[in-house]
Amino acid sequence: MARGAELNKNNAGVGIVIQYIEEALVPGAPVCVVHFRSRTKQAEGFEKYPTPPGVSNIYVNNGSSGWYLDGLPGYGDARASALAIKAKAQAAGASKIVCVGASMGAFGAAMFSSIMGAELICFAPELWLNVYTGFSRRDVPGRTLDIATMGQPSRALFVAGISCPTDLICALHFHRAWPNSEAIFLPDCGHESARHLKDKELLAPLLADFCFGRDLAQYKALSVPMSILEGCPTVPPKQLNRATMVAFVEALTRHLLLSDRVRMADRLAGEKCFAAAVPLIGKIRAEHGEIAEVHMLDATVHRKQQRHAESIEALQKVEHLPEFRCEALWLRGMALEQLGRVDEALRAYLLLLQEGKGNREWKLTAKAAAVRVAALSSPA
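Let me sum up the structure you'll find in this document.

What counts and how
All chains use their own residue numbering, which begins from 1 and follows the written sequence. Restriction of local features to residues with pLDDT of at least 70 applies here, the model being predicted, together with a cutoff of 80 or more for giving and counting side-chain atom pairs; totals for whole chains, interfaces and linings are based on all residues. Side-chain numbers come from the whole structure's heavy atoms, not from hydrogens or water. Helix axes are fitted only over the stretch in contact, all axes being lines through C-alpha atoms; the angle between N-to-C directions runs from 0 to 180 degrees. Helix and strand assignments come from DSSP, with helices taken as H or I runs of at least 4 residues and strands as E runs of at least 2, each series counted from the N terminus. Each angle receives one of four descriptions, namely roughly parallel if under 35 degrees, roughly antiparallel if over 145, roughly perpendicular if within 65 to 115, and oblique otherwise. For any helix crossing, the convention is left-handed if the near helix is rotated counterclockwise from the far helix by under a right angle, and right-handed if that rotation is clockwise. Residue contacts follow a heavy-atom distance rule, with two residues in contact if any of their heavy atoms lie within 4.5 Å. Put simply, Ala, Val, Leu, Ile, Met, Phe, Trp, Tyr, Cys and Pro go in the nonpolar bin, Asp, Glu, Lys and Arg in the charged bin, and everything else, Gly too, in the polar bin. Using a 1.4 Å probe on the protein chains alone, a residue whose accessible area is under 20% of its type maximum counts as buried, one over 50% counts as exposed, and one in between counts as partly exposed. Between any two strands, at least two bridges found by DSSP are needed for them to pair. Salt bridges are defined by distance alone: a side-chain nitrogen of Lys or Arg within 4 Å of a carboxyl oxygen of Asp or Glu. Here the expected length of a helix is defined as 1.5 Å per residue gap, with one fewer gap than residues. Pairing of aromatic side chains here covers Phe, Tyr and the six-membered ring of Trp, requires ring centres within 6.5 Å, and sorts the geometry by plane angle: under 30 degrees stacked, over 60 edge-to-face, intermediate tilted. Charges are assigned to positions over rings by a cutoff of 6 Å between ring centre and Lys NZ or Arg CZ, combined with an angular limit of 35 degrees from the ring normal. In this analysis a 1.4 Å probe is tested at points of a 1 Å grid over the protein atoms alone, and where it fits but cannot get out there is a cavity; an open set with protein on both sides within 12 Å along at least five of seven lines is a pocket; lining residues have an atom within 4 Å of a point. Grid points are joined across faces, edges and corners, and a volume is the space filled by probe spheres set on the points.

**With respect to the packing of helix α14 (residues 325–338) against helix α15 (residues 342–355)**
Helix-helix packing is characterised by the crossing angle of the two axes and by the distance between the axes. Between α14 and α15, the shortest axis-to-axis distance is 8 Å and the interhelical angle comes to 160°. The orientation of α14 with respect to α15, classified from their angle, is roughly antiparallel. For the element pair α14 and α15, the recorded crossing hand is left-handed. From α14, Arg325, Cys326, Leu329, Trp330, Arg332, Gly333, Met334, Leu336 and Glu337 reach across to α15, where they touch Glu344, Ala345, Ala348, Tyr349, Leu351, Leu352 and Glu355. Its residues placed into classes, the contact of α14 with α15 shows ten nonpolar, one polar and five charged.

What follows is the structure in structure tokens.
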């Protein structure tokens with residue numbers, strides 16, 4: 001078994017080997033990029049960003065959703081793991097180390113680069129654990145760590161989608177705290193800022209320009225003006241709560257595209273921040289009317305508030321539309337399950353399985369749900 005790897009079992013009890021470090025070193029290359037796995041990547045997989053030719057790459061994976069707080073298995077705690085990676089990069093001849101990651105991977109990259117004094121690129125930079133409405137609350141509840149106490153990167157770039165409030169608050173906080181840092185706030189984008197740039201064929205060029213110290217003006221030109229964010233009532237991530245979130249969202253959304261307003265309302269509703277989500281949905285409805293996006297937002301809010309019959313009623317207004325069909329069927333199935341109407345839920349999932357078969361993710365999701373509900377609806 002490879003060093004830094006161990007045998008684990010997946011949900012089916014099947015043994016899998018998880019490797020925590022994979023090296024693709026170019027002897028004598030001046031730059032080494034360290035890639036950190038995000039929380040949505042499979043535990044045994046690596047996140048591999050498109051780096052330019054002629055650089056070394058080290059891919060890391062902590063094998064869990066632990067946000068790299070405990071380092072890499074087999075390499076010690078976070079500090080020991082970071083220094084082990086630094087030693088590998090320097091032994092290959094690298095004089096510059098660039099850590100890159102998104103979401104949980106951004107936190108790991110920021111922490112490790114602070115320990116190493118390396119350079120840093122953070123996509124979807126949730127850099128404050130358990131920040132209000134953040135993803136880390138699901139994975140490491142109650143745990144805290146201020147990355148600033150571990151040092152700081154020698155240079156940093158934050159790339160956040162304008163419709164993800166937690167990413168914005170964290171990016172602004174660390175951009176102010178770290179002198180040699182830059183920030184890009186992408187319009188028409190949420191937590192998926194790396195994928196957003198990839199879809200526009202800008203991710204690889206950005207990484208190359210950053211690695212080789214070239215000017216980033218063309219990417220910063222894409223950003224929402226900093227003056228808009230500076231004009232909003234921002235607070236440090238530690239002070240983000242329901243009241244400060246409401247004030248921030250109310251001030252920011254007047255400057256946003258409809259797509260970003262919808263995306264932000266959906267994110268806030270999904271995290272049960274109804275105090276900010278519901279007024280925002282009302283603003284969208286007042287300015288744009290009874291559009292399909294409003295009905296989908298209504299369905300999400302009702303579902304999160306356990307008002308499943310009202311959620312189904314909202315979904316009926318949009319489930320005939322091709323662009324919302326699969327998601328509406330999925331949400332309807334979940335609502336029917338919660339109401340105990342398992343036969344109807346099964347029909348919704350089977351319909352989704354049939355109509356979403358061209359999309360692998362929907363197919364797998366619908367199949368698992370249909371199997372589960374079929375077992376509930378079958379006689380004992």
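**Re unusual backbone geometry**
Phi is positive for Thr133, which is not a glycine, with a value near 70°. Examined against the element boundaries, Thr133 turns out to sit in the loop between β7 (119–123) and α3 (136–139). Even without glycine at this site, Lys272 takes up a positive phi of about 65°.

**Describing the side chain of His302**
Here His302 lies in helix α12 (residues 292–304). Judged by its relative accessible area of 14%, His302 is buried. Here His302 is in contact with Arg307, His308, Glu310 and Ser311, once residues within four sequence places are set aside.

**Some words on the sheet that holds strand β9 (residues 181–186)**
Read from one edge to the other, the open sheet built from seven strands follows the order β3-β5-β4-β6-β7-β8-β9, with strand pairing classed as mixed. With partners counted over all chains shown, the strands left at the sheet margins are β3 (21–24) and β9, one partner each. Averaged over all pairs of adjacent strands, the angle between their axes in this sheet comes to 15°, without regard to strand direction. By the bridge criterion, four bridges tie β3 to strand β5 (residues 56–60) in an arrangement that is antiparallel. Pairing of Ile21 across the sheet is with Val60, part of β5.

**Considering the pattern of salt bridges**
In this structure the tally under the stated criterion is 22 salt bridges. For the salt bridge of Arg263 with Asp260, the shortest nitrogen-to-oxygen distance reads 2.9 Å. With a gap of three residues between them, Arg263 and Asp260 both fall in helix α10 (residues 258–270), about one helical turn apart. A relative accessible area of 27% places Arg263 in the partly exposed class. Residue Asp260 is classed as buried on the basis of its relative accessible area of 1%. Here Arg285 makes a salt bridge to Asp298, at a shortest N to O gap of 2.5 Å. With Arg285 in helix α11 (residues 274–288) and Asp298 in helix α12, this pair connects stretches of sequence that are 13 residues apart. Relative accessible area serves as the criterion here: at 15%, Asp298 is assigned to the buried category.

**Side note on α10**
Spacing of three or four residues puts side chains on the same side of an α-helix, whose turn is 3.6 residues. In this model α10 runs 18 Å from its N-terminal to its C-terminal C-alpha over 13 residues, within 8% of the 18 Å that 1.5 Å per residue would give. Taken together, the buried positions of α10 are occupied by Asp260, Arg261, Val262, Met264, Ala265, Arg267, Leu268 and Ala269. Contacts from the buried residues of α10 go to α4 (165–177), α9 (242–252), α11 and α12. At the C-terminal side of α10, Lys272 shows a positive phi close to 65°.

**Overview of the packing of aromatic side chains**
The final tally for this structure, using the stated rule, is nine aromatic pairs. Ring centres of Phe36 and Phe112 lie 5.2 Å apart, and the angle between their planes is 80°; on these two criteria the pair is classed as edge-to-face. Linking Phe36 in strand β4 (residues 31–36) with Phe112 in helix α2 (residues 104–116), this pair joins segments that are 76 residues apart in sequence. Taken individually, Phe36 and Phe112 each receive the classification buried, so the pair is uniform in this respect. Judged by centre distance (5.9 Å) and plane angle (20°), the rings of Phe158 and Trp178 are stacked. Taken together, the positions of Phe158 in strand β8 (residues 155–161) and Trp178 in the loop between α4 and β9 put the pair 20 residues apart, joining distant regions of the chain. Take Phe158 and Trp178: they sit in the same class, and that class is buried. The side chain of Lys48 reaches across the aromatic face of Tyr59, ending 4.8 Å from its centre.

**Regarding the environment of Ala118**
With respect to the secondary-structure elements, Ala118 resides in the loop between α2 and β7. With a relative accessible area of 5%, Ala118 lands in the buried category. Residues Ala118 and Val98, 20 residues apart in the sequence, show an inter-C-alpha distance of 6.0 Å. Ignoring any residue separated from it by four or fewer positions in sequence, one finds Ala118 in contact with Ile97, Cys99, Ser113, Pro153, Ser154 and Arg155.

**What to know about the layout of surface pockets**
Empty space within the largest pocket amounts to approximately 1,300 Å³. Along the walls of the largest pocket sit 32 residues, with Asp266, Glu327, Trp330, Glu361 and Trp362 positioned nearest its centre. Listed by contribution, the elements that provide at least two residues to the lining of the largest pocket are α10, α12, α14 and α16 (360–377). Considering every element that reaches the lining of the largest pocket, the biggest residue donor is α12, with six residues. Computed from the structure, the second largest pocket encloses a volume of approximately 700 Å³. Considering every element that reaches the lining of the second largest pocket, the biggest residue donor is helix α5 (residues 193–199), with four residues. The class makeup of the residues in the lining of the second largest pocket is seven nonpolar, five polar and eight charged.

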